[in-house]
Amino acid sequence: MSYFLPDDEAVLTACRGLALTHPGIGLCTDPLYLLATRPARRRRVALVAGGGAGHEPLHTGLLGRGGLDAVVPGAVFTSPGSAQIAAASRAAAALRPRDGVLHIVKNYTGDRINFGLAADQLRSAGIPVAEVVVDDDLATDAVPTGRRGTGAAVVVEKLLGALADRGADLDGLAELGGRVAGASRSLAVCARAHTSPVGRAPAFRLRPDELDYGIGIHGERAAHTVRPGPVGTVVTRMLHRLLDAVPGTAQGVIAVISGLGGTSELELRAISALVHRDLTAQGVHVHALAAGTYVAALDMAGFSITLTALEPDWASLWDHPTDTPLRLPGAAAAAATTLIPAAAPAAADAPPARAAVPAEGSRAFLDELHRICLRAHPDLTELDQATGDGDFGDNFCGGVAAAVRLADQQGLTGTNALAETFRDRVGGSSGPLFGVLFTALAPGADRPTADIPALAGALRRALNRITAIGGACPGDCTLVDALAPAAEALAATAPAESGRAVTNAALAAIGGAHGTAVLTARRGRASYTGGHSEGVPDPGAVAVALVLTALARVHEPHLAGDLPGLHGITRGTTPLAGTRDETPARAFKRH
């Protein structure tokens, strides 16, 4: 985020962009503030909030009908000045006849001082003013200056905006704001610091096995650094502390899961489901579940959880409609709606019925491929990051793991489980293409003794079908460059060589995969990356080499020493004789 801020007047330029996007928002450039120009007719009190920039969409996202009347932005992570705040408050009070101004202030020293000075100026001018202080951060519960104001500002501003639209007076709004702030607690964690707009480097460093637990929204380090563990464990730990701190939850809660600027929507949605699961399991009704980036810390990779214990009538205030840049969700569902897909009609070319499980050898190939994938997953991911989008290791190795589970649950043969999983449950290109390969290999790959003519025919059928589907030919830098030589090696096996035919095919696939490192990609995602894929073998071709290696290890275990170790396949390294160690042979170019 902070890589692309303008060098001059970054905050002013961003405010101008907001005003251009939302015609109901007016901009004053000196002193800088933003004003909602179309407030509700019944509103008697102006709501004014602000703080340092870098937390967007707080507070500007809640500017408009059903939200705030004015927002005063400071420089990045810096409180606005008192003159700005006073000018914005006067403008909000003068837009229509108002009975006063309510300041919503996060508990930071600079904000408290400047909003306090602005309030003195307003009172001197005869404008009634009151203040609500948001102090929800559990990580600073024992700090002498009090808890910091963080994610609960979203809840406070949303509920106050709804009540103000109903015509509440200044005292009623201040009283509600204090109760909502008192009923709210937040906690935040991060795995990567924000990028400093000045140095354009992380503000602090965390190791991959570290998580800062209790960070602040200005990039302040947490008092504790912990090992991350599974995200579900982190969420459970955070909720345990939050539930101990908020008042009674008999009326339910509003749960706000906010990204800190560098956390994806996919992650935040998953975290929200974990939060809902844990709260529901403890008997806590979740009235609203909001997941998104609401209170950022520039581009910090982390998230916060805010819980607000509801009182009667607060739920209706949360559900009140708004006309603001940020639209918060209303009431949450009690449970996700689960749909049952309609049965598909039988097709003439439907896949063959599942084969009965043979007495022996039915899982050897699948289990060996699974063992290989457990070790090769990181290398496949690294290869795909250099040549594509980095998802191949997850897709391929995840598909193999899913096939193991399917075979366990439904008693399928190994290759049939692979075929069904990749054909029906794995997306991307690896799903259909490897589905074709495994479908062709079933059931021959699971027989105790290799039937070389049958395996040769299976590889040839798979090659023909894959080239027809994907359009790739040998030399295009795809999995075909490993599959084609393997099929040729099996087809050309002389009777005297039948005892090592699968090993020879595996060696041919490995050689073909390594050969893709000097090819120019003409198909697949690697063809989009220009010269960045040069010097790197195609991950799909490497995966085919791994499939053939698993076949060879199962059917010709006595020749396992003739095959390179896994790094010899994925990284271009060769094993030392008689050991598991692997040393570099030829290095592939990395970018």
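Predicted model, so just to flag it, every value in this text is computed and none were measured.

Draft legend 1. Broad picture of the overall build of the chain. Per the secondary structure count, the chain includes 17 helices and 14 strands. When its C-alpha atoms are laid out on the principal axes, the chain stretches across 105 × 50 × 45 Å. For the chain, contacts bridging at least 24 residues in sequence account for 71% of all contacts bridging at least 6. If the 51 positive side-chain charges of the chain are averaged to one point and the 57 negative ones to another, these points end up 2 Å apart.

Draft legend 2. Examining the pattern of salt bridges more closely. Tallying each qualifying case throughout the model produces 29 salt bridges. Among the ionic pairs, R423 bridges to D424, the shortest N-O distance being 3.6 Å. With relative accessibility at 33%, the residue R423 sits in the partly exposed group. By relative accessible area, D424 is classed as exposed at 52%. Residues participating in the shared-partner salt-bridge network are R43, D69, R98 and D165.

Draft legend 3. Molecular detail of the nonpolar core. In terms of nonpolar packing, the biggest core is built from 70 residues, with F396, F434, F438, L441, V547 and L548 touching the most fellow members. Discounting residues that sit within four places of it in the chain, F434 has contacts with F392, F396, F422, L479, G540, A543, V544 and V547.

Draft legend 4. Region of interest: the sheet that holds strand β10 (residues 253-259). Strand order in the open sheet formed by six strands is β9-β8-β7-β12-β10-β11, and the pairing between neighbours is mixed. Of all strands in the sheet, those bounded by a partner on one side alone are β9 (224-226) and β11 (286-292). Here the strands of the sheet are splayed against their neighbours by 20° on average, with no regard to which way each runs. Two elements, β10 and strand β12 (residues 301-309), share seven bridges in a ladder whose sense is antiparallel. Residue pairing in the sheet places V253 in a bridge with A309 of β12. In the packing of helix α7 (residues 265-281) onto the sheet, the strands contacted are β10, β11 and β12, and the crossing angle to β11 comes to about 160°.

Draft legend 5. Broad picture of helix α5 (residues 170-182). Its 13 residues give α5 an end-to-end C-alpha distance of 18 Å, which sits within 8% of 18 Å, the value for a rise of 1.5 Å per residue. Burial in α5 covers these residues: L170, L173, L176, G177, V180 and A181. All buried residues of α5 project into a common sector of 130° when viewed along the axis, lining one side.

Draft legend 6. Highlighting the confidence of the model for the chain. Here the chain shows a mean pLDDT of 89. Residues at 70 or above account for 90%. Under a pLDDT of 50 for its full length, residues 526-530 has, in the predicted model, six contacts with residues more than four places off or in other chains. Ignoring residues within four places in sequence, the model shows residues 574-591, a span with pLDDT below 50, making 41 contacts including any to other chains.

Draft legend 7. Just the state of the cysteines, in detail. Per the stated rule, a full pass over the model turns up zero disulfides. The closest cysteine sulfur to the non-disulfide-bonded C28 is located on C15, 11 Å from its own sulfur.

Draft legend 8. Spotlight on the packing of aromatic side chains. Applying the stated criterion across every chain yields a total of seven aromatic pairs. Geometrically, the ring pair formed by F422 and F438 is tilted, given 5.2 Å between the ring centres and 55° between the ring planes. Residue F422 is located in helix α11 (residues 414-424), and its partner F438 is located in helix α12 (residues 430-441); the two are separated by 16 residues in the primary sequence. Of the two residues, F422 and F438, both sit in the buried class. These aromatic residues form a ring-pair network of at least three members: F392, F396, F422, F434 and F438. A cation sits over an aromatic face here: K158 above W318, 5.9 Å from the ring centre.

Draft legend 9. The sheet that holds strand β4 (residues 70-76), seen in detail. The strand order across the open sheet formed by six strands is β1-β2-β4-β3-β5-β6, and the pairing between neighbours is mixed. In this open sheet, the two edge strands, each paired with only one partner strand, are β1 (25-29) and β6 (129-134). Across the sheet, the mean angle separating the axes of adjacent strands is 20° when strand polarity is ignored. As paired elements, β1 and strand β2 (residues 32-36) share five bridges and run antiparallel to each other. Directly across from I25, in β2, lies its bridge partner A36. Docked against the sheet, helix α3 (residues 109-124) engages β3 (45-53), β5 (100-106) and β6, running at close to 170° with respect to β5. Packed onto the sheet, α5 meets β3, β5 and β6 and runs at close to 10° relative to β6.

Draft legend 10. Looking closely at the side chain of T549. One can find T549 in helix α16 (residues 539-555). Those residues in contact with T549 that lie beyond four places of it in its chain are I372, A506, I510, L563 and I569.

Draft legend 11. Broad picture of unusual backbone geometry. Going from L58 to H59, the amide bond is cis rather than trans, its omega being -5°. As for its position among the elements, H59 is in the loop between β3 and β4. Positioned with a positive phi, E9 is a non-glycine residue whose angle comes to about 55°. Within the secondary structure layout, E9 lies in the segment before α1 (10-21). For E9, a relative accessible area of 56% translates into the label exposed. Unlike most non-glycine residues, L298 shows phi in positive territory, near 55°. Mapped onto the elements of the fold, L298 is located in the loop between β11 and β12. Residue class for L298 comes out buried when judged on its relative accessible area of 1%.

What counts, and at which threshold
- Residues numbered from 1 in each chain as written.
- Predicted model: local features only at pLDDT ≥ 70, side-chain atom pairs only at ≥ 80, totals over all residues.
- Heavy atoms only, no water.
- Helix = DSSP H or I, 4+ residues; strand = E, 2+ residues; numbered from the N terminus.
- Contact = heavy atoms within 4.5 Å.
- Lys, Arg positive; Asp, Glu negative; His and termini not counted.
- Charge placed at Lys NZ, Arg CZ, Asp CG, Glu CD.
- Salt bridge = Lys/Arg side-chain N within 4 Å of Asp/Glu carboxyl O.
- Buried < 20%, exposed > 50% of the residue type's maximum accessible area, 1.4 Å probe, protein only.
- Core = buried A, V, L, I, M, F, W, Y, C linked by side-chain atoms within 4.5 Å.
- Pairing = 2+ DSSP bridges.
- Axes fitted to C-alpha atoms, helices over the stretch in contact; angles between N-to-C directions.
- Expected span 1.5 Å × (residues − 1).
- Arc of directions from axis to C-beta.
- pLDDT = per-residue confidence, 0-100.
- Disulfide = S-S within 2.5 Å.
- Phe/Tyr/Trp six-rings, centres within 6.5 Å; stacked < 30°, edge-to-face > 60°.
- Lys NZ or Arg CZ within 6 Å of the ring centre and 35° of its normal.

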